[in-house]
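Each chain is listed here by its residues.
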Amino acid sequence: MINGAHTIIYASNAQATRAFFRDVLEFPHIDAGDSWLIFKSPPGELAVHPADPQAAGNSELFLMCDDLAATVTDLKAKGVEFTTDISHQGWGLVTTLAVPGAGTLGLYQPRHDTAYDLE
């Protein structure tokens, strides 16, 4: 039986990316050896969105929060750079943030019921 999901972020500077998740986002972690950090993910959901054939098979990772404006303020105080303004989607409020050595990551406040706490 499937008992979890393992997400991989490919980074040109893995050390900086790991430091970002450890020190800025403060994700709990283990050291799997030689400073290879594995982070505990927040509770998660999986959504399937329609896509045209060229985009089918692509995946995105969004972190979720209860109050996007407050989270953006807190992360900016830690030096995090946001690459987009907050936009209002029908399903939530969305922005993207820069991850050192690893591009950008979505951050959103859902405006729908969440599935991550279902039993």
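In this report, the structure presented in the accompanying data block is examined. Owing to the predicted nature of the structure, the values given are computational and were not obtained by experimental measurement.

1. Considerations on the environment of Gly101
Secondary-structure assignment places Gly101 in the loop between strand 5 (92–98) and strand 6 (104–110). Here Gly101 falls in the partly exposed class, since its relative accessible area comes to 27%. C-alpha of Gly101 to C-alpha of Gln15: the two residues are 86 residues apart in sequence and 8.4 Å apart in space. Residues within four places of Gly101 in sequence aside, it is in contact with Tyr10, Ala11, Ser12, Asn13 and Thr17.

2. Things to note about helix 1 (residues 14–24)
Among the residues of helix 1, Thr17, Arg18, Phe20, Phe21 and Val24 are the ones counted as buried. The inward-facing, buried residues of helix 1 contact strand 2 (37–39), helix 2 (68–77), strand 5 and strand 6.

Thresholds, definitions, all that
Residues numbered from 1 in each chain as written. Predicted model: local features only at pLDDT ≥ 70, side-chain atom pairs only at ≥ 80, totals over all residues. Heavy atoms only, no water. Helix = DSSP H or I, 4+ residues; strand = E, 2+ residues; numbered from the N terminus. Buried < 20%, exposed > 50% of the residue type's maximum accessible area, 1.4 Å probe, protein only. Contact = heavy atoms within 4.5 Å.

Coordinates in, geometry out; function isn't part of it.
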